[in-house]
Amino acid sequence: MGGTTGGALDGTTVLSVVIPMYNEEEVLSALVSRLRPVLADLGVPYELLAVDDGSTDRTPELLAALRLGWPELRVVGLRRNSGHQAALTAGLDRAVGAYAVSLDADLQDPPEKIPDMLALARGEGLDIVYGIRADRTSDTGFKRWTAGLYYRLVRRLAGPAVPAQAGDFRLLSRAAVDALKALPDQQRVYRLLVPWLGFPSGEVSYERAPRTAGRSKYPLGRMIRLAVDSVTGFSAAPLRLATWLGGFAFLVCLILMVYSLGAYALQYTVPGWTSLFIGVLFIGAVQLVCVGLLGEYVARIYTAVQNRPAYFVGHDTRETDQTSSVRIPGAHRAEDDRNTAGPPG
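What comes next is a walk through the structure. Since the model is a prediction, treat every value here as computed from it, not as a measurement.

Regular strands place side chains that alternate from one sheet face to the opposite one. The alternating pattern of strand β7 (residues 201-207) places G202, V204 and Y206 on a buried face, while none of S201, E203, S205 and E207, on the opposite face, is buried. Note that strand β5 (residues 128-135) and β7 share seven bridges and pair parallel. Bridged to Y130 within β7 is E203.

Let us look at helix α1 (residues 25-40). The α-helix advances 3.6 residues per turn, and as a result positions three or four apart in sequence lie on the same side. Under the 1.5 Å per step criterion, the end-to-end length of α1 is 23 Å for 16 residues, consistent within 8% with the ideal 22 Å. For α1, the principal kink sits at L31 and spans about 30 degrees. Every buried residue of α1 is accounted for by V27, L28, L31, V32, L35, V38 and L39. Those residues of α1 hidden inside the fold are in contact with β1 (15-21), β2 (46-52), α2 (59-67) and α4 (114-124).

A few words now on the packing of α1 against α2. Between α1 and α2, the shortest axis-to-axis distance is 9 Å and the interhelical angle comes to 25 degrees. Taken together, the axes of α1 and α2 lie roughly parallel to each other. Regarding α1 and α2, the two cross each other, and that crossing is right-handed. Here E25, L28 and V32 of α1 come into contact with α2, specifically with T59, L62, L63 and L66. For the contact of α1 with α2, the residue count by class is five nonpolar, one polar and one charged.

Moving on: the packing of aromatic side chains. Inspection of the entire model under this criterion finds one aromatic pair. Note on F169 and Y206: the rings are 5.6 Å apart at their centroids and 75 degrees apart in plane angle, and the pair reads as edge-to-face. Placement of the pair is F169 in strand β6 (residues 166-173) and Y206 in strand β7, with a sequence separation of 37 residues. The same class applies to F169 and to Y206, which are both buried.

Calculation notes
Starting afresh in each chain, residues are numbered from 1 along the sequence in its written order. Totals for whole chains, interfaces and linings use every residue, but because this is a predicted model, local features are given only for residues with pLDDT of at least 70 and side-chain atom pairs only at 80 or more, for both listing and counting. No hydrogens and no water enter the side-chain calculation; it runs on all heavy atoms of the structure. Partly exposed describes any residue whose relative accessible area lies between the buried limit of under 20% and the exposed limit of over 50%, with all areas from a 1.4 Å probe on protein chains only and scaled to the type maximum. Secondary structure counts use DSSP, requiring at least four H or I residues in a row for a helix and at least two E residues in a row for a strand, with both numbered from the N terminus. Between any two strands, at least two bridges found by DSSP are needed for them to pair. In a helix, the anticipated span is given by 1.5 Å times the number of residues less one. Here the bend at each residue means the angle between axes fitted to two seven-residue stretches, the one ending at that residue and the one beginning there. Residue contacts are counted whenever heavy atoms from the two residues lie within 4.5 Å of one another. Think of each axis as a best-fit line through the C-alpha atoms, taken over the contacting stretch in the case of a helix, with angles from 0 to 180 degrees between the N-to-C directions. Angles below 35 degrees are treated as roughly parallel, those above 145 as roughly antiparallel, those between 65 and 115 as roughly perpendicular, and all remaining angles as oblique. Each crossing gets its hand from how the near helix is turned against the far one by less than a right angle, where anticlockwise is left-handed and clockwise is right-handed. Three classes are used: nonpolar for Ala, Val, Leu, Ile, Met, Phe, Trp, Tyr, Cys and Pro, charged for Asp, Glu, Lys and Arg, and polar for all others, with Gly counted as polar. Any pair of Phe, Tyr and Trp rings, taking the six-membered ring for Trp, is counted once the centres come within 6.5 Å. Such a pair is stacked with planes under 30 degrees apart, edge-to-face with planes over 60 apart, and tilted for the rest.

Given below as structure tokens:
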């Protein structure tokens, strides 16, 4: 991806919390007030890695101000808005902790569950701990219905290993993070990629809360795009569906052909414009569906051939801090000489 410098385990940081952010100025204060005490009470070295996904509001300014009094806060700014999954990839690529937790900024997933996740992973030697939404009554009926349909679909296509009602709130071990970084996928859907790894996993359930402030970053259009990426990225079933549709259309055409030959033999020659019209529409619709399905896979092949990074990092405060702390050899001696030298005679 777009640079992975700083993503190696540093040997001291136990936990990295990765939060993709896009225009989150309204919720940032509430997020900090709940998350910071939780992380402080863990009693382990941690970093909070906020990935600014090309925000156009005051999110970058607020993060910069927060860093002045919060040394564990690390800000990675992307050069442009790359999308939630790409921002999450950038954070995981650069996280340095032995464990990494991914969390959304909207506080629908409670940060208070992070200690439970870490304790479960360390106590039972797990590489993955999923946050499972046990109660979604805060979501609209349409949201609950579409979410249920999505999980039933992906579990049928990608296998039962995909946990139902598990979003992007999860804990990953260093081994799981490194395995994800090694994958060549361009359009990543972590809800399917993580279970696909097959690492030992556990679950922590919670009640999903309403969004604290701001607007959802997953409107209907992005939800549909996520579903399409999930299906085309993990299953060839749509291609088989196109084959079955083609076979069904061929069968219908064969029946119509036998019917037309029989009508001709019986001298039933009244033009059947209705059946012809319906037949043409049916065949055309099936062809368009098949071409569209093929197009989705061709587009993925095209993206893979291009091999463009999913994101570009504009700055990483950890690298900036490290650079500013390094002094050029000999520079301090020259500075001392200037300071101790007397006025020119």
